[in-house]
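Remarks on the overall topology
For reference, the chains in residue letters:
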Amino acid sequence: MRPCLKTRNIIENVIENVIENVIERIRIKYILSLWISEIMDKRHFYILNNKIRIPAILWGKQSEKLLIEVHGNLSSKEDTVISMMAQKAVEKGYQALSFDLPMHGERVDEEYACIPENCVSDLAAIYEYAKSLASDIHLFACSMGAYFSLLAYHDLNIKQSLFLSPIVDMERIISKMMESFQVSEERLKAEHEIRLPNGQVLEWNYYCYVRENPIRFEWKVPTAILYGSDDKLTELDEISIFADRYQSKVKVLEHGEHYFHTEEQLKVFDKWADENLL
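Presented here is an overview of the structure given in this document.

About the criteria used
- Residues numbered from 1 in each chain as written.
- Predicted model: local features only at pLDDT ≥ 70, side-chain atom pairs only at ≥ 80, totals over all residues.
- Heavy atoms only, no water.
- Helix = DSSP H or I, 4+ residues; strand = E, 2+ residues; numbered from the N terminus.
- Expected span 1.5 Å × (residues − 1).
- Buried < 20%, exposed > 50% of the residue type's maximum accessible area, 1.4 Å probe, protein only.
- Phe/Tyr/Trp six-rings, centres within 6.5 Å; stacked < 30°, edge-to-face > 60°.
- Pairing = 2+ DSSP bridges.
- Right-handed = clockwise from strand over helix to strand, strands pointing away.
- Axes fitted to C-alpha atoms, helices over the stretch in contact; angles between N-to-C directions.
- Contact = heavy atoms within 4.5 Å.
- Parallel < 35°, antiparallel > 145°, perpendicular 65-115°, else oblique.
- Left-handed = near helix turned anticlockwise from the far one by under 90°.
- Nonpolar A, V, L, I, M, F, W, Y, C, P; charged D, E, K, R; others polar.

Let us now look at helix 2 (residues 80-91). Here helix 2 contains 12 residues, and its C-alpha end-to-end distance of 17 Å stays within 8% of the 16 Å for a straight helix at 1.5 Å per residue. Among all positions in helix 2, only V81, I82, S83, M85, A86, K88 and A89 are buried. Directly beyond the C-terminal end of helix 2, a positive phi value near 95° is found at G93.

Below, the structure written as structure tokens:
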């Protein structure tokens, strides 16, 4: 049964209004993004680490305070929490510096592997560049980015660090992965590299590095941690041990995950960032 002309007109008007609203939202979002970019003075460029080009972003205008931002696995220099923290930093008078780790973001197809040695080397180059811009260097790092930052920056002059879902015991994570897929040390040593059914890759050299470089060194940097109680990568006892060792402040979000991405999680993250970024 076909709708009458009056009903059809009503339906068409409703559809037209919905389409107009969607277009208007898209237009506003686009204008807002341009406005934010202009206000933030967001600049894309490259930082050199010998012959390696590291894609980076400077957020905001130059300041005596600079926040280095280190993303986590499967992320990039413009990830949601990285962007949110950069905006928060600029509001508080900082300039923020984010960049892509090896094999992430713009570097996803490069042959420069995402292994601790390369990441630590890149982080050192980032720090040297940051020092050329500001006297007070602060740090925000997520997940494995926190692990690499601890390795790279434990003996450098960092004023403050904020960690989101940090990995503080990489050996334990790899050992649990090996156990889950019934991979022995002997087999990993013999085969050198094993691709797991979940897409992850176990590497003997990586495993040896993390065993030889545990997070046991001196870390005098005032540190605040945001952690989700449902984090499947890092267990609460690991965070507690780290916090006790280094006198760190820990906020636990009940039912929060390793990857903060829901509206509720991001609201908590935004408030935590505002309260803890000096």
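On to the packing of aromatic side chains. Per the stated rule, a full pass over the model turns up nine aromatic pairs. With centroids separated by 6.2 Å and ring planes inclined at 25°, the aromatic side chains of F163 and W219 adopt a geometry described as stacked. One end of the pair, F163, is in strand 6 (residues 161-164); the other, W219, is in the loop between helix 7 (204-212) and strand 9 (223-228), with 56 residues separating them in the sequence. You'll find F163 and W219 in the same group, each marked buried. Look at W204 and Y207: their rings are 6.0 Å apart centre to centre, the planes differ by 55°, and that puts the pair in the tilted class. Placement of the pair is W204 and Y207 together in helix 7, with a separation of three residues, close to one helical turn.

Burial along strand 6 is two-sided: the residues S161 and F163 and L162 and L164 are all buried. Judged from the four bridges that link them, strand 5 (residues 136-142) and strand 6 form a sheet pairing that is parallel. Within strand 6, the residue paired with F140 across the bridge is L162. In terms of handedness, the path from strand 5 via helix 4 (residues 143-153) over to strand 6 forms a crossover that is right-handed. Sheet topology places strand 6 next to strand 9; four bridges connect them, and they run parallel. Residue L164 lies in a different strand from strand 9, and its bridge partner there is L226.

So, on to the sheet that holds strand 5. Pairing in this open sheet of eight strands is mixed, and the strands run 1-2-4-3-5-6-9-10 from one edge to the other. Two strands close off the open sheet at either side, each with one partner strand: strand 1 (43-49) and strand 10 (249-253). Taking each pair of neighbouring strands and ignoring which way they run, the sheet shows an average axis angle of 20°. Bridging between strand 3 (residues 65-70) and strand 5 involves six bridges; their strand directions are parallel. Bridging from a neighbouring strand, L66 pairs with I137 of strand 5. Together, strand 1, strand 2 (52-59), strand 3, strand 4 (95-99) and strand 5 form the strand contacts of helix 3 (residues 116-133), whose direction differs from that of strand 1 by roughly 120°. Its contacts with the sheet place helix 8 (residues 236-246) against strand 6, strand 9 and strand 10, and it is angled at close to 170° to strand 9.

The phi torsion at S165 lies on the positive side, around 50°, for a residue other than glycine. Classification of S165 by relative accessible area gives buried; the value is 1%. Positive phi, close to 70°, is recorded for H192, a residue that is not glycine. Relative to the helices and strands, H192 is located in the loop between helix 6 (185-191) and strand 7 (193-195).

Each pair of packed helices can be described by the angle between their axes along with the distance between the axes. Packing of helix 5 (residues 170-180) against helix 7 leaves a shortest axis separation of 8 Å and a crossing angle of 140°. Between helix 5 and helix 7, the angle is such that the two are oblique. Crossing hand, helix 5 versus helix 7: left-handed. On the side of helix 5, the interface is formed by M170, E171, I174, S175 and M178, while helix 7 contributes Y206, Y207, V210 and R211. Each residue belonging to the contact of helix 5 with helix 7 can be placed in one class, and the counts come to six nonpolar, one polar and two charged.

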